[in-house]
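# Geometric and topological summary
One-letter residues, chain by chain:
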Amino acid sequence: MNARLLVVEPFEERPAAASTAEALRLLGPAVALELHHEAPVAAAALRARHSDLVVLDHRLGDDLWSLLCRAREGATPALVIGEAGDEAHALRAFRAGATGYVERGPAFAENLSTAAREQLQWVQRIRGSIPSFVEEKNAGTLDRYSRNIIENMNSALLVINREGAISYANPTAERALGVGDGELEGRDLRDWFPGAEAEEILPLRTVKEGTRFRGVETVLTRADGTLIPTGISCAPLVDAEGVGEGAVAIFQDLVEIKQLQRQVLQTEKMASIGQLAAGVAHEINNPMGFIHANLSQLTEYLDDLQKVWAQVEGLRGAADRDPADAQQVREAARALGATIQAVDAGFLMRDFGTAIRESLEGSERIRAIVTDLRAFSHQDTAERALCDINRALDSTANIVWTMMKHSVVLTKQYEELAPMVGFPMQLKQVFMNLLVNAYQAIEERAAREELRGEIRLRTELQGEEVLITVTDNGVGMPKETLDRIFDPFFTTKEVGVGTGLGLSTSFNLIKNHGGTLRAQSEVGRGTSFEVRLPLGDPDELL
Amino acid sequence: MSETLPVVLLVDDEKHILSALSRCLRREGYEILSVGSAAEALRVLGERPVDLIVSDQKMPGTHGIAFLTEVERGGSRVPRVLLTGWPEEIPQAEIERAGITALLPKPWDDAELKSTLRSCLTG
């Protein structure tokens, strides 16, 4: 075994019976020893040359810790020699980065050489597994590489020992949990999951059962008490013999991702509402158009009829005069007749009524749209609530239908349903997406062929689930499209028509409800979307 | 005498809009023809000459812009007005392709409607 060892011990005029150097010579001539008595010189040597192992004596006092730190920096394994029975010192040495600890006492020389041999063998095992491109580099460099990677990676890394305490945390983990340099080491992992049961803390399950986890969402509590959503992955840590030593956990702060997700949801909601608003605006604009025009015409009618009325007054005045002047009465009657003809009073009287009737019909239509809007905005809450699925679907369909009633027949088949626990506004957003998609598919097909557009809505209770189907006879989709419709940003619509998020958002909203969203489609025949939602337990709301 | 009146063809799927337009144009001295769709309008155009077309944009089946483009393709020189609630949403290129003489907003202003139609007929 070719290896370089750096031994540091304080100078003694009369060395102990079995000196460290002597004990290490048991390793054989292939192991080169470099002995130092002065800590600064040893530190310089550590920096200047590669060593496979450094052996440090506890009598170095505080120099021991600084040298351990140096060794750790250079990723050189460090064996510490301590007084027999001084467990506190041993523990401190390990925490400071010692890779091995040997007590003075009976069989010291043998123990030391065995420990050193093991450490060197370990170094060589690593060397044996170095890929060829770094083969020329030494193990220390490789160790430095991995240390660099671990310390600089953007994921937080924790090593948890068998007892569930943190034995190592990289700087990202310290930042994520809001603690200072080195403050995590030795802390109980449970401190970061206050109030959680042991089986809810995934790394502890890995320690106990050896279970692996990948990217599971879990909430950690920072030092300042704030909660952070994270995606955590855990793997068991085993020694050379395959015995469990604890677990390695890597986690990523999901706060930013969660924020982005919320923004995407909001964008999609705004896009759907924009579409809806445009449809509703058009349906209100038409009656507004003729009501407005009629009112200004009726003002003109009234002006003309007032002219007639003025002549009527004149005639009455002439007839009432005492004694009545027949000539004047005739004159007034002639003038009245002329005005009646000039303003076409007969038409005005008839059309006045028609214009009012038509305007009333228009205002009734606007009133109905507002009623639909009110029904749609009922339960506009972000909270969980008991939802009446039929009502949510129906009010959404009525609103969306205002924009498509000219080209689409809507058929509804609602089965009586039990109330369901869910987020009513989210469900309405999903229904709106499905209806708008159905409408667009119909429009697309209608542009190519004569078509009586049809959307069929159906709800039914299937055991503990509600099944909602929205079926259209629009263009339909080929399988390649169907496979991708729930992918975010996938769209077949022209730029500016869709966000490409409608169906992926719908998919996620339904998933959040513990339900499923599926689609079947046939080109030229139409598409059917199927939403399945669990009824949930109404007691959960209490 | 009625043969000498300019003929205005009104196209809108909303019959109350047609009725309100006629009401407004009642004293303008036009012969007014009202139809409920682009298809009907094309049939009328095939049967008799008209002097002016006023068409709604958003109609089931063929939209106003597409209908007027078809009129343009047929080589017609009849001035045409597009009535729309969202005039700013119609691209200039489409307006030109359809040979549109004027755009009118919906709801319209009576005086503006009358003056637009008059200038279309004299210009």
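## Looking at the overall build of chain B
- Scanning chain B from terminus to terminus reveals five helices and five strands.
- Listing the helices and strands of chain B from first to last along the sequence gives β-α-β-α-β-α-β-α-β-α.
- Looking at chain B as a whole, 35% of its 123 residues qualify as buried.

## A short note on the overall build of chain A
- Helix and strand counts for chain A come out as 15 helices and 17 strands.
- Look at the contacts in chain A between residues 6 or more apart in sequence, and 64% of them connect residues 24 or more apart.

## What to know about the environment of Val264 of chain A
- If you trace the backbone, Val264 of chain A turns up in helix H9 (residues 255–320).
- Spatially, the C-alpha atom of Val264 of chain A lies 8.3 Å from that of Thr505 of chain A, the residues being 241 residues apart in sequence.

## A look at the pairing of strand S17 (residues 526–534) of chain A
Residue and element names in this part refer to chain A.
- One ladder, built from eight bridges, connects strand S15 (residues 465–472) with S17; its direction is antiparallel. Paired with Thr471 across the strands is Ser528, a residue of S17.
- Bridge analysis of strand S16 (residues 516–522) against S17 gives seven bridges, and the strand direction is antiparallel. The residue bridging Gln520 from the neighbouring strand is Ser528, located in S17.
- Counting the residues that bridge the hairpin from S16 to S17 gives three residues, and of these Gly524 lies at a positive phi of roughly 80 degrees.

## A short note on the interface of chain B and chain A
- Opposite the 15 residues of chain B that make contact, chain A presents 18 residues.
- The leading source of residues in the side of chain B that touches chain A is helix H1 (residues 15–25) of chain B, at six residues.
- Of the residues contributing to the side of chain B that touches chain A, the split by class is six nonpolar, three polar and six charged.

## Some words on helix H15 (residues 502–512) of chain A
- For H15 of chain A, the tally of buried residues reaches nine of eleven residues, placing the bulk of the element in the interior.
- Buried residues of H15 of chain A: Gly502, Leu503, Ser504, Thr505, Ser506, Phe507, Asn508, Leu509 and Ile510 of chain A, and no others.

## A word on the sheet that holds strand S5 (residues 100–103) of chain A
All names here are of chain A.
- Read from one edge of the open sheet, five strands run S2-S1-S3-S4-S5, paired in parallel fashion. Each end of this open sheet is capped by a strand with a single partner; those strands are strand S2 (31–36) and S5. Geometrically, the sheet is characterised by an average inter-axis angle of 20 degrees between neighbouring strands, direction not taken into account.
- Sheet topology note: the strand S1 (residues 3–8)/strand S3 (residues 53–57) ladder contains four bridges and is parallel. Bridge pairing links Val7 to Val55 in S3.
- This element, helix H2 (residues 39–48), spans S1, S2 and S3 of the sheet and lies at about 160 degrees to S1.
- Its contacts with the sheet place helix H3 (residues 62–73) against S1, S3 and strand S4 (78–82), and it is angled at close to 170 degrees to S3.

## A few points about the environment of Pro77 of chain A
All names here are of chain A.
- Within the secondary structure layout, Pro77 lies in the loop between H3 and S4.
- Considered as a pair, Pro77 and Gly97 are 20 residues apart in the sequence and their alpha carbons are 8.4 Å apart.
- Contacts of Pro77, omitting those with residues within four sequence positions, involve Leu53, Thr99, Gln119 and Val123.

## Side note on unusual backbone geometry
- Here the amide bond leading from Lys106 of chain B into Pro107 of chain B is cis, since omega sits at 0 degrees, within 30 degrees of zero.
- Checked against the element boundaries, Pro107 of chain B lands in the loop between strand S5 (102–105) and helix H5 (110–122).
- Here Ala107 of chain A, not a glycine, exhibits a phi torsion of approximately 60 degrees, which is positive.
- Secondary-structure assignment places Ala107 of chain A in the loop between S5 and helix H5 (108–128).
- A tally of 10 C-beta atoms within 10 Å means that Ala107 of chain A is categorised as exposed.
- Within the chain, Asp344 of chain A stands out as a residue other than glycine whose phi angle is a positive 55 degrees.

## A closer look at the pairing of strand S10 (residues 244–253) of chain A
Residue and element names in this part refer to chain A.
- Strand direction decides the pairing type here: strand S6 (residues 156–161) and S10, joined by six bridges, are antiparallel. Across the sheet, the residue bridging to Leu158 is Ala249, located in S10.
- Summarising the sheet, strand S9 (residues 227–238) and S10 pair through nine bridges and their orientation is antiparallel. What sits directly across from Cys234, in S10, is Ala249.
- With antiparallel pairing between neighbouring strands as the criterion, S9 and S10 make up a hairpin whose turn holds five residues, including Gly242 at a positive phi of roughly 85 degrees.

## Looking at the confidence of the model for chain A
- Mean pLDDT over chain A stands at 85; residues scoring 70 or higher make up 92%.
- In this model, residues 130–137 of chain A is a region of pLDDT below 50 whose contacts with residues beyond four sequence positions or in other chains number four contacts.

## Here's the deal with the sheet that holds S15 of chain A
All names here are of chain A.
- Within the open sheet, the five strands sit side by side as S12-S14-S15-S17-S16. Their pairing is mixed. Looking at strand neighbours, the two that pair on one side only are strand S12 (408–414) and S16, the edges of this open sheet. Strand-to-strand twist in this sheet, taken as the mean axis angle between neighbours without regard to direction, amounts to 10 degrees.
- With respect to the sheet, helix H12 (residues 389–402) is in contact with S12, strand S14 (453–462) and S15, its orientation differing from that of S14 by roughly 170 degrees.

## Structural notes on the nonpolar core
Residues and elements named next belong to chain A.
- Grouped together as the largest cluster of nonpolar side chains are 41 residues, with contacts concentrated most on Ile389, Val400, Phe431, Leu435, Ala438 and Tyr439.
- Listed by contribution, the elements that provide at least two residues to this core are H9, H12, helix H13 (424–446), S14, S15, H15 and S17.
- Tallying contributions element by element places H13 first for this core, with eleven residues.
- Split by domain, the residues of this core number at least three in each of domain 3 (256–377) and domain 4 (379–541).
- Those residues within four positions of Val400 in sequence are excluded, and the remaining contacts are Leu276, Gly279, Met432, Leu435, Val436 and Tyr439.

What counts as what
Residues numbered from 1 in each chain as written. Chains lettered and ligands numbered in written order. Predicted model: local features only at pLDDT ≥ 70, side-chain atom pairs only at ≥ 80, totals over all residues. Helix = DSSP H or I, 4+ residues; strand = E, 2+ residues; numbered from the N terminus. Buried ≥ 20, exposed ≤ 12 C-beta atoms within 10 Å, placed from the backbone. Contact = placed C-beta atoms within 7 Å. Pairing = 2+ DSSP bridges. Nonpolar A, V, L, I, M, F, W, Y, C, P; charged D, E, K, R; others polar. Axes fitted to C-alpha atoms, helices over the stretch in contact; angles between N-to-C directions. pLDDT = per-residue confidence, 0-100. Core = buried A, V, L, I, M, F, W, Y, C linked by C-beta atoms within 7 Å. Domains from an automatic or database assignment.

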